[in-house]
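Read off the chains here:
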Amino acid sequence: MLMKLSIFAGFCAALALASEPSAIAIHNARVFTGDGAALDQATVVIREGLIEAVGRNVAAPPDAWVIEGAGLTVYPGLIDGLSTWGVQQNAPSGPAPHARGPEDRPWTTTWISAADLVQPSDRRIEQFRSAGFTSAVVFPTRGIFAGQGSVINLAGDKPGQMVVASRVGQYVSLMSGSFASFPGSLMGVIAYIRQLELDAEHYRLVKTAYEKNPRGMQRPEYDRALDGLLASPRLLLPANRAVEIKRMIAFGAELKQPFVLYGMVEAYRAASELKAAGIPVLVNLRWPERARDADPEQVESYRVLEARDKAPSSPAALANAGVRFAFYSGGIERPRDLMRAVKRAIDAGLPYDAAVRALTLSPAEIYGVSDRLGSIDKGKIANLIVVKGNLFEDGAEVKYIIVDGVKYEPVPEPPQPAPAERLPTGGEDR
Amino acid sequence: MRRPGLAVLCAACAFAAPPTVIRNATILTVTKGTIPNGSILIRDGKIAAVGTGIEAPAGATVIDASGQYVMPGIIDCHSHIAAESINEGSVSVSSMVGIEDVLNPESIEIYRALAGGVTTANILHGSANSIGGKCVVIKLRWGKDAKRLLFEGATPGIKFALGENPKRAGSPSPSPLLVGRPLRYPATRMGVEDVIREAFLEAKEYQALWREYRDKIARGENAIPPRRDLKLEPLVEVLEGKRFVHAHCYRADEILMLLNVADEFGFKIRTLQHALEGYKVAKEIAAHGAGASTFSDWWSYKMEAFDAIPYNAAIMMRKGVLVSLNSDSAELMRRLNTEAAKTMKYGGLSETEALSLITINPAKQLAIDSRVGSIEAGKDADLTIYDKHPLSNYAKVQKVLIDGEVYFDRDRALSEQLQKEAEKQRLLEKEKRQRPQAGARRPS
Amino acid sequence: MKRVLLFAAALPLIAAPNGSFLLRNVAIHPVAGPDLPNGSILVEDGSIVDVGVRVAAPRDIRIIDGKGLHAYPGLIDSATEIGLSEIGSIRETNDVGELGQFNPQLRALIAVNPESEHIPVTRANGITSVITLPGAISGGRGAGAPPVIAGQAALIHLDGWTWAEMAVERSAAMQLIFPTLQTRPARSGAAEGAGPAISYNDAKRAYDQRLRELTDFFENARRYQKAKAAHSPGFKPDLHYEAMIPVLERKTPVLVMAVRERAIRDALRFGREQNIRLILAEPRDAAKLLPEIKASGFPVIAAPTLELPLEDDDAYDAAFTLPSQLYKAGIQFAFGSFGNQFARNLPYQAAAAVAFGLPWQEALRAVTLSAAEIWGVADRLGSLEKGKIADIMLTDGDPLETKTQVRQLFIAGRPVDLSNKQTRLYEKYMNRP
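Residues numbered from 1 in each chain as written. Chains lettered and ligands numbered in written order. Predicted model: local features only at pLDDT ≥ 70, side-chain atom pairs only at ≥ 80, totals over all residues. Heavy atoms only, no water.

Notes on the overall build of chain A
Phase 1: Helix and strand content of chain A: 12 helices and 18 strands.
Phase 2: Taking 22 Å as the expected radius of gyration for a compact globule of 430 residues, we find that chain A reaches 24 Å, a close match to that expectation.
Phase 3: Seen along its three principal axes, the alpha-carbon backbone of chain A occupies a region of about 75 × 75 × 45 Å.
Phase 4: Put simply, chain A has 430 residues, and 53% of those count as buried.
Phase 5: Long-range contacts, defined as pairs at least 24 residues apart, comprise 69% of the intrachain contacts of chain A with a sequence gap of at least 6.
Phase 6: As displayed, chain A offers around 18,700 Å² of accessible surface, 51% of which is attributable to carbon and sulfur atoms.
Phase 7: Taking the average location of the 47 positive side-chain charges in chain A and that of its 48 negative ones, the two points are 3 Å from each other. (Helix = DSSP H or I, 4+ residues; strand = E, 2+ residues; numbered from the N terminus. Rg over C-alpha atoms; globule rule 2.2 N^0.38 Å. Buried < 20%, exposed > 50% of the residue type's maximum accessible area, 1.4 Å probe, protein only. Contact = heavy atoms within 4.5 Å. Areas by Shrake-Rupley, 256 points an atom, 1.4 Å probe, with all protein chains shown as cover. Lys, Arg positive; Asp, Glu negative; His and termini not counted. Charge placed at Lys NZ, Arg CZ, Asp CG, Glu CD.)

Here it is in structure tokens:
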């Protein structure tokens, strides 16, 4: 006991000097390995940034810093499934170039990788790490084909240290430009995506043939948009309403690459179609809300009201149907709100285990990095959190965050600025 | 010998919906006269029998239509409902886009059109382009998803537009919101013709390129297929007669222009849409074999509509053109029956002729007349039941059936409305309870 | 061929324009009283002198055989732009919607083009007089504060060599377009994403501001009225305020365009506070405020029946049933087309309401006598009664049914040519070899 105390004291001192131990052991804690039931009185051993061992009969190595885990729970580090934390994209300067058709590749930057845009100084990295997030799948989000996302760990001084996987999927949005520039409509965007896919396929054919034997052949025109599309392991397509979900399921079947749908507000109405299609989805935690400054006399449609009421039950519906899904922050600015949003899903019927999985192993699986991330298993990257209380509950307290085997303590949330002038709500309807 | 047959029959019965009989109605078949007190037997979504003295088979659902009128479900040849985009107006030729990609089966417009007696609609791209996007024919199967809206086997279409609308983007806009937007060719009717001819020239070249490729393959040669161009493929389909051209047009001169261009490239215009001056060139339209789908009495909203007359449909019909009336409006769509009545006032068409403008004629124009457009045995059970003669302004739609299934029932509609309002009230109250009051009691 | 000559048959009647005749052998539908299955109408100098089963007439009067047709009062459309607007999309042909917020001095009557094609087209279906409105019915003229007081609407006959001859009421009402609370900027044409949404707070502020400006305008008008009456020193005539005096004196009603619930409610309150006579125009949300409208005593020019419901969740027949709801609530109302293109279909707006619960007699009244009452001309128009102007239509059946033909039309006792550009094009192209 004394030895442990002294090591503990040594650990605190060491923290003040910001030097890293060669190994960390979290002893005798409740451990959510990440797939299935939690292990009680288990120990996790971390060495050189990787998980060395986890289990009930695992002993802490003598050179490890030990965290006494009695009364604490260890979870795999949370992963934001679709994020912009750490990615700064400058607003486009000047008016968008005028596109005369698909051949002008409007709003297309398939070749961009988020890994090249990461700014380690982004405040959100520290802010959300303190809430328990150890990774995020960050994407450029500007345009129709915005570029590829990367899985990054939320700690490090240089982007290169943070990147776990640099090109995990192409972010696609269905934005249409103004009336005057192609595409000017939803129809137009869909047609454009379809044409780009066909062009990419043709490009690949021609390039392959040319590379085999260029003599006598017209060379293919260099087109980095197509190269970027061909290099995308999967596409992310947006879908919120049930109509959109079904539309994207049908459209996605035309694509060469696998695809993932993001949004999912009305997933509660399309869970069986998603299951049948076998596609994974990303669920936006920013549940729809009535606009703050809405006209109190404006009564929204039943559809809108119902979606607001039922959206938090979408995850439960997906879990019940056996659809693989991950959560994402959807631009929620405050970590506390993010946790509350997850709690709402649990209150609406999502099993607790499924909620944890949706922020850990599921996103890792969806992006193809589950062999190294997403659960507390031997050999995986040491990303985990030590929590007092139950994660997502109001009283939960994150004690330590371990990213790539390095221990961090949470930084308190900045004070909330005074809320903007509140409008009369509720009983003031005239 | 009999027993196995019966067993098979019974097995089939277990899967199929029970037959339906609509009884004691005045049946306006449109093609085979009027039956004053008749019945319609429906089996497996089809009209099995029409006439008097039809016995309801055991287990059949009976719809008592005493004192009521049954006519074929109305077919609207020009509609933009149930779609989340209407125009891709940024380019002169937008044939790469398609309405089918953006169908919205949950649009309330479908329900309202159903409540107006419409069972089939030709959903068209808008008129912002000389050559617009692809179109699709749907049945108004309210409650089903987008795939199930599609009219199975209907020939796909494409929209052309002539006249003021496609040339609007060629002139500076007076609207302050559109200042500085680049001008889009064409700005004149001459340019409209040019856009169409250029596009079809390109399409012919594309067609030749692919023919050449297929020939090479057939000869056993190695070849890379040409790049697929989604803009030109629908135009090749037009050349091959596999895709119908529905051309929005107003003035007589542009109608003539289009018929000539079509002849030049060897394809047919399937329907001229609006064709408000069609009456001036009815002879030429009939000779080409194009159909005309027009308004009953719209006029004066644009210069090209200033010579529009409510006798248009009647004149064209008398001169041998296949004519239908359409709505091009989610509102007008609900009243095509009373619109048809206007051709009796303006032009003296008979009741049957008037009704054919919204039933068998548009069915023929869309080449779906083997399935719908009249009440005949073998056709789909797409039927509308009115409480009074449909050509009367006092008539209300009571029920609408599609494929033998009741999709609209006025009696049920009224009680469903009350239920929905109650449910909505409940949701509103729930939300109010959950909203933080002014002067937040919840800590921020 | 028979059809084509229909219009030729009307010609002999046009030859005798002196406004006096005995119309015999017609089924008479006076609207103000019970129908007469067969009777006569005596017209002298453009006025109805007698209506009855048997009518004594001067010996040398021209006799018109009604051939058993049906005589109805000419129909009245309570909201059009006829004479002021020719082709909707061509600005040069439109004279509605002047620039400026408060223009009570503008007079629609003097801008009426008596040669407008809308006149012969509309009257061919039995409409003999219309209210024509100075304010644009849809949208304004461009940037800047939208118009509030648009000017003086006129009630005109659809016949006459000049607007002076067409005038029935030169200043039938002051048109007021009530301010609306805009949380979305108005869209122009097909421009998508026409600007960000405006917050409710900002929109409410703007709305309150505009209501204040309207109230201030009325206050200023009252001050002017007092100064004028008192011959105050330094008093200078002002056309704007001068035009407000009949409104303040409750001689001229204010036709207030208020479509949504908030606007209707606030307009009613405004009318009460200002102690003016209101006529509510196009109150599409009226069903939500029936008791308030009834209590106000103000009549309504009903929005077109043939309209889509306003909200997704509204009953599919919400617009169809509204007239019968007005009727059941005891609210006086008339129908208006709110446009030119379909003014000829005014009777079918009424018929659609009948299909959904409005008694037929009330529907007919709403396009005849009720309209006349609302516009204060019931002593002259709206029914076939002694002393009224001889605006008479002869039909071969129920005028609210589409199939019915108007066979003859009289305005102020003058037989009116039922042909128009459209009938002429019909004949021409029907006869193309």
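Let's pick the thread back up.
Notes on the pairing of strand β12 (residues 235-239) of chain A
Residues and elements named next belong to chain A.
Phase 1: Burial of β12 is extensive: five of the five residues sit out of reach of the surface.
Phase 2: The alternating pattern of β12 places Leu235, Leu237 and Ala239 and Leu236 and Pro238 on opposite faces, both of which are buried.
Phase 3: Pairing of strand β11 (residues 170-172) with β12, which is carried by two bridges, proceeds in the parallel orientation. Note on β12: the bridge partner recorded for tyrosine 171 is leucine 236.
Phase 4: Two strands pair when backbone bridges link them, and β12 and strand β13 (residues 259-263) are joined in this way by five bridges, in the parallel orientation. Of the residues in β13, the one forming a bridge with alanine 239 is glycine 263.
Phase 5: Taken together, β12, helix α6 (residues 242-252) and β13 constitute a β-α-β crossover, and its handedness is right-handed. (Pairing = 2+ DSSP bridges. Right-handed = clockwise from strand over helix to strand, strands pointing away.)

What to know about the interface of chain B and chain C
Phase 1: Taken together, the contact pairs 55 residues of chain B with 54 residues of chain C.
Phase 2: Taking both partners together, chain B and chain C bury about 4,900 Å²; carbon and sulfur atoms supply 55% of that area.
Phase 3: Counting the surface chain B buries against chain C, the share from its top three residues, B:Trp299, B:Lys345 and B:Tyr394, is 17%.
Phase 4: There are five salt bridges connecting chain B and chain C. (Buried area = accessible area lost by both parts, 1.4 Å probe. Salt bridge = Lys/Arg side-chain N within 4 Å of Asp/Glu carboxyl O.)

Considering the sheet that holds β12(A)
Residues and elements named next belong to chain A.
Phase 1: The strand order across the open sheet formed by six strands is β8-β11-β12-β13-β14-β15, and the pairing between neighbours is mixed. Only two strands of the sheet have a single neighbouring strand rather than two, namely β8 (145-148) and β15 (325-328). Within this sheet the neighbouring strands show an average axis-to-axis angle of 25°, counted without direction.
Phase 2: Along the sheet face, α6 touches β12 and β13 and points at about 150° away from the line of β12. (Axes fitted to C-alpha atoms, helices over the stretch in contact; angles between N-to-C directions.)

Examining the domain arrangement of chain B
All names here are of chain B.
Phase 1: What the domain assignment reports for chain B is domain 1 (10-73 + 373-412) and domain 2 (74-370).
Phase 2: Look at where the C-alpha atoms of domain 1 and domain 2 centre, and you get two points 31 Å apart.
Phase 3: Between domain 1 and domain 2, the contact holds 27 residues from the first and 30 residues from the second.
Phase 4: Where domain 1 abuts domain 2, roughly 2,200 Å² becomes buried across the two surfaces, and 62% of that area is made up of carbon and sulfur atoms.
Phase 5: When residues of domain 1 are sorted by the area they lose upon contact with domain 2, Val30, Leu391 and Tyr407 head the list and together hold 29% of the total.
Phase 6: Our count for the domain 1 to domain 2 interface comes out at five salt bridges.
Phase 7: Broken down by secondary-structure element, the contributors of at least two residues to the side of domain 1 that touches domain 2 are β5 (69-72), β14 (383-386), β15 (397-402) and β16 (405-409).
Phase 8: The dominant element in the side of domain 1 that touches domain 2, judged by the number of residues it contributes, is β15, at four residues. (Domains from an automatic or database assignment.)

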